[in-house]
Amino acid sequence: MSLFPQWREKTEGIVAPDERLPWPQTLAMGVQHVVAMFGATVLAPLLMGFDPNVAILMSGIGTLIFFFIVGGKVPSYLGSSFAFIGVVIAATGYAGQGANPNLGVALGGIIACGVLYTLIGLVVMAVGTGWIERFMPPVVTGAVVAVIGLNLAAVPIKNMAPTPFDAWMQAVTFVSVGAVAVFTRGMVQRLLILVGLIVATVIYAVLTNGLGLGQPIDFSKVANVPWFGMPGFASPVFDANAMLLIAPVAVILVAENLGHIKAVSAMTGRDMNPYMGRAFVGDGIATIVSGASGGTGVTTYAENIGVMAATKIYSTAIFVVAALIAIVLGFSPKFGALIQTVPVAVMGGVSIVVFGLIAVAGAKIWVDNQVDFSNNTNLIVAAITLILGTGDYTLRLGEFALGGIGTATFGAIILYALLNRSK
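Keep in mind it's a predicted model, so treat the numbers as computed, not measured.

> Residues and numbers for helix 4 (residues 103-127), please.
The end-to-end C-alpha distance of helix 4 is 36 Å, a good match for the 36 Å that 25 residues give at a rise of 1.5 Å each. Where helix 4 ends, the next residue or the one after it, Gly 128, has phi of about 95°, a positive value.

Written out as structure tokens, the structure is:
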């Protein structure tokens, strides 16, 4: 069997996963998918102190790994997962500026998460997804996703606005993102985070480099680095506390991937459920490879599903092209240096938006699935989970420490299982 599906060429109408546009159009669509994933895939490593070049490179390699493991049957792009941000910051003590000094510890935890995710995928391949949906109903997954955002709230507000000017620039940034979200349309609106960040950075440059009101942006690093070179690979350090804290993110990745594949199934009219286990394994192995190289954990991207929904083009060929483009960008130090000129205050303002959107995404899961909060089981599970995560409730056993996101994740699953026994 060929590693690549034999795509049938199609020039108009809906394009199925096993079909493709003519190659020049496929290339153009691949570029569009790179643009769609770009903002979040670059933002996540910056918020954790990772090298964005490695993250972009690993998003491309991870997408190709996923493609091969699912046999080219499932159209998906794998980018940096925001679900890791809270636990990585908690595990490394990262202050939100510059390179993460404890990067290796985070990488070991990301690899542990990838191993757990892969094992879940193998179980799903053997027995199906029913057990996941039984132990992680919408009330649980919604609460855990919301906690990821709420647990992070203090990071941009306390650590990423060292001066009053920076605090005002954070406000300018989240207002800019909000304006793009509300007052624009089409692709600009889809790239609201990236466009808002660019607008705020331009305003920051005018106020600092032009008017001298704050710390100016230093563009010399961009000029002094080559166009092509090796990214900053890093090696993992396997710390038990970090692994225990970061590994439970696999629960979020499972929920994300499950929802994404169901969405793609609905859009394409193709039953993707037989590929669910292989999709989990592909995502898990991609996360392991990324963590072993210095990259972030990865997940299937809703942004790219949104592009497919808008274009009605579901060809998996597009994602091979997008992955290859990302790999080329990963080997451009000038590209990475340009990304790292974004001011800390602007990143803080974007973080406020992103972390808030993560929290609201949890609530959206409840709304979309019509979770009944007159049911006391749902009410208690959600209430306790939110406070455990937001308050960073930590449990210690000897040298092991399970922080707020970990206790919220495991607590939600166990609490639901205990309280729902009557059903």
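> A description of the packing of helix 2 (residues 52-69) against helix 16 (residues 317-330) should follow, citing residues and the corresponding values.
Where helix 2 meets helix 16, the closest approach of the two axes is 7 Å, and the angle between their N-to-C directions is 155°. The angle between the axes of helix 2 and helix 16 places the two elements in the roughly antiparallel class. As helix 2 runs across helix 16, the sense of the crossing is left-handed. In this structure, helix 2 contributes Asn 53, Ile 56, Leu 57, Ser 59, Gly 60, Ile 61, Thr 63, Leu 64 and Phe 67 to the contact, and helix 16 contributes Phe 319, Val 320, Ala 323, Leu 324, Ala 326, Ile 327, Leu 329 and Gly 330. In terms of residue class, the contact of helix 2 with helix 16 is made up of 12 nonpolar, five polar and no charged.

> Describe in detail helix 19 (residues 376-390), supporting the description with residues and values.
Taking 1.5 Å of rise per residue, the 15 residues of helix 19 would be expected to cover 21 Å, and the 21 Å separating its terminal C-alpha atoms lies within 8% of that figure. Regarding helix 19, the residues found buried are Thr 377, Asn 378, Val 381, Ala 382, Thr 385, Leu 388 and Gly 389. Taken around the axis of helix 19, the buried residues stretch over an arc of 140°, which confines them to a single face. Along helix 19, exposed side chains directed more than 90 degrees from the buried face belong to Asn 376 and Ile 387. Taking the backbone nitrogen of Thr 377 as reference, a side-chain oxygen 2.8 Å away marks Asn 375 as the first, capping residue of helix 19.

> Give me the environment of Val 320: which residues, what numbers.
Within the element layout of this structure, Val 320 appears in helix 16. Among the residues examined, Val 320 registers a relative accessible area of 10% and is labelled buried. Each C-alpha atom, one on Val 320 and one on Phe 67, is 7.7 Å from the other, the two residues being 253 residues apart in sequence.

> Can you tell me about the pattern of salt bridges, naming the residues and giving the values?
Overall, the coordinates contain six salt bridges when judged by the stated rule. Of the charged contacts in the structure, one is a salt bridge between Glu 19 and Lys 10, with a shortest N-O distance of 3.9 Å. Assessed through its relative accessible area of 28%, Lys 10 is described here as partly exposed. The network of salt bridges with common partners includes Arg 8, Lys 10, Asp 18, Glu 19 and Arg 270.

> Tell me what's going on with unusual backbone geometry, and back it up with residues and numbers.
Non-glycine residue Gln 370 carries a positive phi angle of around 50°. Within the secondary structure, Gln 370 is located in the loop between helix 18 (344-368) and helix 19. Owing to a relative accessible area of 72%, Gln 370 belongs among the exposed residues under this scheme.

> Just give me the short version of the environment of Phe 335, but keep the residues and values in it.
Structurally, Phe 335 is set in helix 17 (residues 333-339). You can call Phe 335 buried: its relative accessible area is 15%. Residues Phe 335 and Val 222, spaced 113 residues apart in sequence, show a C-alpha to C-alpha distance of 8.0 Å. Leave out the neighbours within four places in its chain, and Phe 335 touches Phe 38, Asn 53, Ile 56 and Leu 329.

> Let's hear about the packing of aromatic side chains: which residues, and what values?
Scanning the model with the defined rule gives six aromatic pairs in all. Consider the rings of Trp 7 and Phe 67, whose centres lie 6.2 Å apart with planes at 40°: the pair is tilted. Taken together, the residues Trp 7 in the segment before strand 1 (8-9) and Phe 67 in helix 2 connect sequence positions 60 residues apart. Grouping residues by exposure puts Trp 7 and Phe 67 together as buried. With a centroid separation of 5.7 Å and an interplanar angle of 55°, the aromatic rings of Phe 165 and Tyr 204 are classed as tilted.

Procedures and definitions
Residues numbered from 1 in each chain as written. Predicted model: local features only at pLDDT ≥ 70, side-chain atom pairs only at ≥ 80, totals over all residues. Heavy atoms only, no water. Helix = DSSP H or I, 4+ residues; strand = E, 2+ residues; numbered from the N terminus. Expected span 1.5 Å × (residues − 1). Axes fitted to C-alpha atoms, helices over the stretch in contact; angles between N-to-C directions. Parallel < 35°, antiparallel > 145°, perpendicular 65-115°, else oblique. Left-handed = near helix turned anticlockwise from the far one by under 90°. Contact = heavy atoms within 4.5 Å. Nonpolar A, V, L, I, M, F, W, Y, C, P; charged D, E, K, R; others polar. Buried < 20%, exposed > 50% of the residue type's maximum accessible area, 1.4 Å probe, protein only. Arc of directions from axis to C-beta. Polar contact = N/O pair within 3.5 Å; in protein donor to acceptor, adjacent residues only side chain to side chain. Salt bridge = Lys/Arg side-chain N within 4 Å of Asp/Glu carboxyl O. Phe/Tyr/Trp six-rings, centres within 6.5 Å; stacked < 30°, edge-to-face > 60°.

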